[in-house]
Amino acid sequence: MTPVIRVLLADDQALLRSAFKVLVDSEPDMRVVGEAADGEQALALARSERPDVVLMDIRMPGTDGLAATRAITADPELADVRIVMLTTFEVDEYVVQSLRAGASGFLGKGAEPEELLGAIRIAHAGEALLSPAATKGLIASFLAQGGGLDPAGDAGRPYPERLAALTAREREVLVLVGGGLSNDEIAERLDVSPLTVKTHVNRTMAKLGARDRAQLVVTAYESGLVRPRTE
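Quick caveat, the model's predicted, so the values are computed rather than measured. (Residues numbered from 1 in each chain as written. Predicted model: local features only at pLDDT ≥ 70, side-chain atom pairs only at ≥ 80, totals over all residues. Heavy atoms only, no water.)

1. Some words on the sheet that holds strand β5 (residues 105–108)
As a reminder of what qualifies: The criterion for strand pairing is that DSSP finds at least two bridges linking the strands in question. The numbering of helices and of strands both runs from the N terminus, where a helix is a DSSP run of H or I of at least 4 residues and a strand a run of E of at least 2. For helices, the fitted axis covers only the stretch in contact; all axes are lines through C-alpha atoms, and the angles between them, taken along N-to-C directions, range from 0 to 180 degrees. Only heavy atoms enter the contact rule, under which two residues are in contact if any of them lie within 4.5 Å.
Taken together, the five strands give an open sheet; going across it, the order is β2-β1-β3-β4-β5, and neighbouring strands pair in parallel fashion. Two strands close off the open sheet at either side, each with one partner strand: β2 (30–36) and β5. Averaged over all pairs of adjacent strands, the angle between their axes in this sheet comes to 25°, without regard to strand direction. Bridging between strand β4 (residues 82–87) and β5 involves four bridges; their strand directions are parallel. Across the sheet, the residue bridging to Met-85 is Phe-106, located in β5. On top of the sheet, helix α2 (residues 39–49) reaches β1 (5–10), β2 and β3 (53–57); it is set at about 135° to β2, its chief contact.

Written out as structure tokens, the structure reads:
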């Protein structure tokens, strides 16, 4: 039997939460386990319900989605919780901060139903919602403008020291992940199996203290391994 993905909805708009709940609960492999109207409620429900995936609105009254995301990802007991940020705008000033805080990616509220359901499944699988060119362009744009870069990185150590722990192949894989390539595409580029690539990605995440693939992309940009396109 396929395990059911437990989903927490966090949005201050009750009507939108209701629509998301109907959509998610209509899927045989998903179930909504809680609804929150602000970040404080989202954090409390994350701790009590242990959802697999949180759909988190960035802008909410009181404790916003960004603060809630930081709190969730900082809690060791919630290490398996994946967060998908929801935004009204294609370009949101908090998106990169959300990714750096540990979110698996973001999705526009105007996305099609299948996109939303797909995002939940992708996040649950530990992948990053960073494939669309628009997302990569957004990250590149913010980082090119110095969008809140932290030279020490989230692990509190300078990037040269953190990257020194990687093998040459792991650095190569990190660059390709930062470029938005999938495991299959990386495997083809390096002439290895997708399983081998997955192993390299997992080891790279472990060495860099990254929760998932999304943080690898941001690390690749912030460390300078991948340069933002300025055109």
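Once the structure has been displayed, the description carries forward.
2. Digging into unusual backbone geometry
Rules: Residue burial is assigned from relative accessible area. The probe radius is 1.4 Å, only protein chains are included, and a residue is buried under 20% of its type maximum, exposed over 50%, and partly exposed in between.
Phi is positive for Arg-50, which is not a glycine, with a value near 50°. Along the chain, Arg-50 turns up in the loop between α2 and β3. The partly exposed category is assigned to Arg-50, whose relative accessible area is 34%.

3. Thoughts on helix α9 (residues 183–190)
Test applied: What the arc measures is the spread of directions leading from the helix axis to the C-beta atoms.
Looking at α9, one finds that the buried residues are Asn-183, Ile-186, Ala-187 and Leu-190. Down the axis, α9 shows its buried residues gathered within 100° of arc, on one side only. Turned more than 90 degrees away from the buried face of α9, the exposed residues are Asp-184, Glu-188 and Arg-189. Looking at the buried positions of α9, the neighbouring elements they touch are α8 (168–178), α10 (194–208) and α11 (213–222). Following α9 by one or two positions, Asp-191 adopts a phi angle in the positive range, close to 60°.

4. Considerations on helix α5 (residues 113–124)
What counts is decided by this rule: By definition here, a helix of n residues has an expected span of 1.5 Å times n minus one.
For α5, which comprises 12 residues, the first-to-last C-alpha distance of 17 Å matches the rise-based estimate of 16 Å (1.5 Å per residue) to within 8%. Listed in full, the buried residues belonging to α5 are Leu-116, Leu-117, Ala-119, Ile-120 and Ala-123. Projected onto a plane normal to the axis of α5, the buried residues spread over an arc of 155° and lie on a single side. Of the residues trailing α5, Gly-126 is marked for its positive phi of about 85°.

5. Focus: the nonpolar core
We apply this condition: Within this scheme, the nonpolar core is defined by two criteria: the residues are buried Ala, Val, Leu, Ile, Met, Phe, Trp, Tyr or Cys, and they are joined through side-chain atoms within 4.5 Å.
One finds Leu-174, Val-177, Ile-186, Val-201, Leu-208 and Leu-216 to be the most contacted residues of the largest nonpolar core, which totals 20 residues. Mapped by element, the contributors of at least two residues to this core are α8, α9, α10 and α11. In contact with Ile-186, other than residues within four places in its own chain, are Val-173, Leu-176, Val-177, Leu-181, Val-197 and Arg-213. Core analysis: the next-biggest nonpolar cluster, separate from the first, contains 19 residues, Val-53, Val-84, Leu-86 and Ala-119 among them.

Any functional reading would require information that these geometric values do not contain.
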